[in-house]
Amino acid sequence: MSSVAANSLDPASAVLLEIRGVAKRFGAREVLRNISLNIAEGEFLALLGESGSGKTTLLRLVAGFEEPTAGEIWMSGERLDLLPPYRRRVNTVFQNYALFPHLSVRENVAYGLRVKKTAATEIDGRVDEALRMVKIEEFAAWRPSKLSGGQQQRVALARALVNRPRLLLLDEPLSALDANLRKQMQSELKALQREIGITFLFVTHDQEEAMALSDRIALLRDGALEQVASAREIYAHPATAYTARFIGQTNLLRGEILDGMARCGAIAWPSDDPGGAAIFSLRPEAIRLASDAVARPGTARFRAALEQQFFSGASELLEVNCSGQLLRVRVSARGPLSGEHEFVFSTADAIRVQE
Amino acid sequence: MSGHSRSRRGAPLLVYAALVFVFIYLPVIVLILYSFNRDGVGGFPPRHLTLAWYRQLFADAPLWDAVLNSLKVAAGSVALSLTLGLLAALALDRASFPGKALFRRLVLLPLILPGIITGLSLLMFLVFVGAQLSLFTVFLGHGTALISVATTELFAGLQKLDRAQEEASLDLGATPWQTFWRVTVPNLKLSLIAAGLLIFTLSMDEIAVTFFLTGRDNTLPLEIWGRLRRGITPEINAVSALILAVSVALIVIWHRVRTRGLGADAPELLERP
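Everything numeric here is computed off the predicted structure, so don't read it as measured data. (Residues numbered from 1 in each chain as written. Chains lettered and ligands numbered in written order. Predicted model: local features only at pLDDT ≥ 70, side-chain atom pairs only at ≥ 80, totals over all residues. Heavy atoms only, no water.)

Asks: Tell me what's going on with the interface of chain A and chain B, and back it up with residues and numbers.
Replies: Quoted interface sizes are often the accessible area lost when the parts come together. With 23 residues of chain A at the contact, the number on the chain B side is 19 residues. When the two sides are added together, the surface that chain A and chain B hide from each other amounts to roughly 1,700 Å², 58% of it contributed by carbon and sulfur. One can count one salt bridge joining chain A with chain B. Note that A:Arg60 and B:Glu167 form a salt bridge whose closest N and O atoms lie 2.6 Å from each other. (Contact = heavy atoms within 4.5 Å. Buried area = accessible area lost by both parts, 1.4 Å probe. Salt bridge = Lys/Arg side-chain N within 4 Å of Asp/Glu carboxyl O.)

Asks: I'd love a proper account of the side chain of A:Gln325, names of residues and values included.
Replies: Note that A:Gln325 resides in strand E18 (residues 325-332). Aside from chain neighbours lying at most four places away, what touches A:Gln325 is A:Leu253, A:Arg254, A:Cys264, A:Gly265, A:Ala266, A:Ile267 and A:Val320. (Helix = DSSP H or I, 4+ residues; strand = E, 2+ residues; numbered from the N terminus.)

Asks: Could you give me a rundown of the pairing of strand E13 (residues 267-270) of chain A, with the residues and numbers involved?
Replies: The two faces of the sheet receive side chains in turn, since in a regular strand these alternate between them. Residues and elements named next belong to chain A. Burial along E13 is one-sided: Ile267 and Trp269 are buried, while Ala268 and Pro270, pointing the other way, are not. Pairing of strand E12 (residues 261-264) with E13, which is carried by four bridges, proceeds in the antiparallel orientation. Bridge pairing links Ala262 to Trp269 in E13. The hairpin turn running from E12 into E13, its antiparallel successor, is two residues long, and Gly265 in that turn takes a positive phi close to 60°. (Buried < 20%, exposed > 50% of the residue type's maximum accessible area, 1.4 Å probe, protein only. Pairing = 2+ DSSP bridges.)

Asks: Could you give me a rundown of the packing of aromatic side chains, with the residues and numbers involved?
Replies: Aromatic ring pairs are reported here in terms of the distance separating the ring centres and the angle at which the planes meet. Scanning the model with the defined rule gives 20 aromatic pairs over all chains in all. Considering the side-chain rings of A:Trp269 and A:Phe345, the 5.5 Å spacing of their centres and the 85° angle between planes classify their relative orientation as edge-to-face. Within this pair, whereas A:Trp269 is found in strand E13, its partner A:Phe345 is found in strand E19 (residues 340-346), the two being separated by 76 residues in sequence. Relative to B:Phe212, the ring of B:Phe211 lies with its centre 5.9 Å away and its plane at 90°, an arrangement referred to as edge-to-face. A residue is classified by how much of its surface remains accessible, and B:Phe212, at 19% relative accessible area, is buried. Put simply, the rings of A:Trp269, A:Phe280, A:Phe302, A:Phe343 and A:Phe345 touch in pairs and so form one group of aromatic residues. Taking the ring centre of A:Phe100 as reference, the NZ or CZ of A:Arg159 above it sits at 4.7 Å. (Phe/Tyr/Trp six-rings, centres within 6.5 Å; stacked < 30°, edge-to-face > 60°. Lys NZ or Arg CZ within 6 Å of the ring centre and 35° of its normal.)

Printed below as a string of structure tokens:
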């Protein structure tokens with residue numbers, strides 16, 4: 001299956017973390033099923049999924065707050081899942097930051113070094129460096145409760161990074177921030193990851209965030225990996241209908257392939273695929289308004305009536321009705337439309353997906 | 001409801017509330033007044049105010065020995081019950097073990113058990129093991145009877161504690177032991193102070209348990225009780241007024257610390273037993 005092929009890493013990059021057949025059960029509830037996933041040195045991997053998909057549980061297994069029911073976790077040739085959290089060279093940025101309220105920002109950041117009995121002079125230097133890296137030097141003496149959400153976020157990052165972890169886990173770190181700050185922190189986070197070269201495992205439920213930030217996306221669905229690939233790959237070639245819908249917008253065309261023709265309602269085009277029931281994912285931007293009446297090879301056409309038109313600046317989204325089948329079409333802004341139009345798409349853009 | 005009918009209903013309520021307060025506090029006020037009355041406990045209303053009884057009180061060595069005994073017992077009880085109470089609260093908050101619900105009720109039982117039962121059973125136990133009754137046995141009695149107070153108070157504090165903080169500490173490389181001292185205990189500071197103050201106050205004026213367990217050395221409440229059998233003297237009123245002042249001060253501090261620590265959702269269970 002394509003998701004398995006995409007899971008294998010570029011052989012040139014060294015594997016940092018290996019998750020081998022991990023399962024997690026809470027009582028009768030199976031939260032994770034047979035998860036196998038490799039993360040490369042220096043990679044930014046987004047663990048994407050709806051709430052309840054098990055992504056936070058997987059993160060907690062790597063951090064050491066939970067033990068897997070089955071399977072193993074390895075980091076650079078060392079069995080990780082048998083170590084307590086305080087012996088793992090892994091640090092976490094928690095969803096609500098979990099800063100220590102009774103300590104100042106500086107003491108929060110110094111905490112990890114202090115409990116490991118690092119020399120005082122070294123602590124000072126490294127804490128300064130970490131505070132500078134996330135641009136919060138001026139708040140060093142403050143208590144966390146006096147800081148804004150974005151500033152607390154930076155403290156949490158500095159507190160984790162000061163320990164120079166091999167792997168940084170981020171549990172929905174931006175979800176508590178408002179939209180503007182979120183965008184800004186996304187770009188800073190990405191720049192920071194490039195600069196320090198630490199491997200990031202980033203949990204999020206926001207597919208846009210996952211696409212914008214990560215080198216690869218691991219999509220979880222009901223405790224199992226649905227697909228693991230780069231954002232571009234996963235967008236262009238979703239393996240399943242679920243993935244196609246979850247990552248970006250899409251039209252799911254349901255129909256069948258018979259005698260070398262794919263038929264989905266009133267839309268049909270030639271297809272070499274094996275016959276039988278079929279689902280195709282067709283992205284809204286893959287469909288265009290047909291400007292000429294000539295049919296070209298490798299394209300399919302259909303007539304549809306315009307039902308709704310949503311203007312969004314550079315482009316607009318059309319909802320069209322093709323003999324009872326509703327489709328979304330994204331076209332560059334062109335002013336109000338009405339009535340019936342002919343639409344065209346390249347048949348290569350209709351990606352056959354699993355249920 | 002309209003403001004009009006509320007005010008009409010409010011007037012009798014106000015009178016009722018005032019009567020309740022008079023009923024509760026009039027005896028206390030009379031007690032304080034008599035401590036300043038030159039003519040002693042006879043003769044109302046007091047005509048000549050004096051500090052003579054307080055002067056007599058401060059020269060009364062046996063009474064001050066009793067105060068010292070009470071302070072020793074109270075300080076020891078605070079240390080003992082906070083230590084054991086914290087362990088019990090941690091077990092209730094974190095561990096899951098068979099019989100946990102039963103354990104919880106048993107730990108809280110002394111809160112509702114009459115002191116006479118607690119005192120008598122402890123006495124029988126001490127006799128059974130052949131212990132000599134002394135201030136030490138009083139301290140044991142108070143310390144164990146007040147574990148339940150410490151447990152409820154500290155359990156409430158632990159429930160409020162954000163567990164992610166402890167996970168963050170482990171994540172940053174601190175051992176569970178370091179995490180306990182560097183994160184858990186500092187976060188429980190207010191609960192510890194509040195529980196300590198309450199236990200101190202309760203131990204200072206405990207009679208029932210003390211009565212069964214005391215040896216030759218009296219605590220303050222028993223000393224007072226002993227003297228009352230020989231008749232009420234205004235000196236007792238004076239010492240009672242002082243105890244009252246200290247107790248009220250401690251309870252006010254306790255309440256302030258506690259409301260700061262727990263917010264509005266402090267369980268009602270924590271009210272004074």
